[in-house]
Structures are given as structure tokens and as C-alpha cells.
Amino acid sequence: MNSVESQVMVILGARPREARHLLAILQEIQAAFRYLPKEALLIVAGALGISAARVFSVAGFYKALSFTPKGERLLTVCQGTACHLRGSGKLIESLQSRLGFKIGQSSSDGRLGLESVNCLGACALAPVATVDGAVHGHLTPEKALELI
Ligand code: FES
């Protein structure tokens, strides 16, 4: 049994093997590997007795789940209306330019991921971003880069 198989078996062993637990299982696999290895998804499909197509469909639906590795740290910039009106577009352009990779991608060393979201619920602080889940407001590119 390889590393992926053994970790997935531990995750599967933590709850009943029922399809209703699919999302929770996928979230745990995402947390363990920082992405969803294809091999892991096939194991989950077999263990839960559901089609691989269903597992891949659920995995592809949620933005928090990824088929490619996410950065160890995650900068998520809000692109909601309030943040857009307060310059989140320019913030994202500047970050992409300075970091050398685009929204939805990670740095080549895997240490930082850059993502966007539609509203973080902190519109009064626009433009807003989170770093590893912590909310930061009134951001400029310089402030955002300092945070990471
Ligand atoms: S629009 Fe950005 S936090 Fe609401």
C-alpha cells in the first residue's frame, strides 16, 4: 500500500462508508494532500460504492477542492462588488504581476497559492483578502505582499 492509499484508508476509516459523507471525505483528502490525487478519488469511489464520475463531479464543483496542489499558504482576494468598486481588480493584476502566477495557480515552489472569491462578508473593509483564512481589509498590493 503506497502513501496515498494508506492516508486515504485512514480518512475513510474515520466514518461510515456512506455516500452522504463524500464531501467531508474529499475535504479531508484535500487537507491531507493540498489537492485531490486521482488515485485517492478512485479509492473513495470504490469504498463508497459510487461511480468515479460522481466523485469527480462533486470534487470539481467546490472551489475549495482542487485537482492540482494548492500552495502551503493561501492568499484569497475578494472580487465581490464592493471590493471590485474599491480596486480589487487592480490589486489582483498587481499581485499576479509581482508574484509571477495567476489567480487559481500556485508559486513554483508550492509555498503560496492565489485565489479569488466573490464576497468574504467584510465589504466595509474593501478591498479585502484572506491569508490562510484570516481577513485583512483596505488592502493595497504592498500590504498584501507584506502579509505573505
Ligand atoms: S465584496 Fe468583498 S468582502 Fe464583500
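Residues numbered from 1 in each chain as written. Predicted model: local features only at pLDDT ≥ 70, side-chain atom pairs only at ≥ 80, totals over all residues. Heavy atoms only, no water.

### Some words on unusual backbone geometry
So, point 1. Residue P127 follows A126 across a cis peptide bond; omega there is -5 degrees.
So, point 2. With respect to the secondary-structure elements, P127 resides in the loop between β2 (112-117) and β3 (129-131).
So, point 3. If you check the backbone angles, R34 has positive phi at about 70 degrees while not being a glycine.
So, point 4. Among the secondary structure elements, R34 is positioned in the loop between α2 (22-33) and α3 (38-48).
So, point 5. Given the relative accessible area of 30%, R34 is considered partly exposed.
So, point 6. Located in the positive-phi region is D132, a residue other than glycine, with phi close to 50 degrees.
So, point 7. Examined against the element boundaries, D132 turns out to sit in the loop between β3 and β4 (134-136). (Helix = DSSP H or I, 4+ residues; strand = E, 2+ residues; numbered from the N terminus. Buried < 20%, exposed > 50% of the residue type's maximum accessible area, 1.4 Å probe, protein only.)

### Considering the environment of T130
So, point 1. Mapping T130 onto the fold places it in strand β3.
So, point 2. Assessed through its relative accessible area of 7%, T130 is described here as buried.
So, point 3. Sequence separation of T130 and V77 is 53 residues, and the distance between their C-alpha atoms is 6.6 Å.
So, point 4. The contacts of T130, once residues within four sequence positions are left out, are L74, L75, T76, L120 and V135. (Contact = heavy atoms within 4.5 Å.)

### Section: helix α1 (residues 3-12)
Because each turn of an α-helix spans 3.6 residues, side chains separated by three or four positions in sequence point in the same direction.
So, point 1. For α1, the full list of buried residues reads V4, V8, I11 and L12. When α1 is viewed along its axis, its buried side chains cluster within an angular range of 95 degrees and face the same direction.
So, point 2. Tucked into the core, α1 has its buried residues touching α2 and α3.
So, point 3. Between a side-chain oxygen at the N-terminus of α1 and the backbone nitrogen of V4 the separation is 3.0 Å; the capping residue is N2. (Arc of directions from axis to C-beta. Polar contact = N/O pair within 3.5 Å; in protein donor to acceptor, adjacent residues only side chain to side chain.)

### Considerations on the sheet that holds β4
So, point 1. Pairing is mixed in the open sheet, where four strands are placed in the order β2-β1-β3-β4. Taken across any chain shown, the strands that pair with only one partner, and hence form the sheet edges, are β2 and β4. The sheet shows a mean angle of 25 degrees between the axes of neighbouring strands, direction not considered.
So, point 2. Inspection of the sheet shows strand β1 (residues 73-78) paired to β2 by six bridges, in the parallel sense. In the sheet register, T76 faces β2, and the bridge partner there is E115.
So, point 3. Where helix α6 (residues 88-99) meets the sheet, its contacts fall on β1 and β2, and the angle it forms with β1 comes to roughly 150 degrees. (Pairing = 2+ DSSP bridges. Axes fitted to C-alpha atoms, helices over the stretch in contact; angles between N-to-C directions.)

### Description of the domain arrangement of the protein
So, point 1. Split into domains, the protein comes out as domain 1 (3-61) and domain 2 (73-147).
So, point 2. Using only C-alpha atoms to locate each centre, domain 1 and domain 2 end up separated by 29 Å. (Domains from an automatic or database assignment.)

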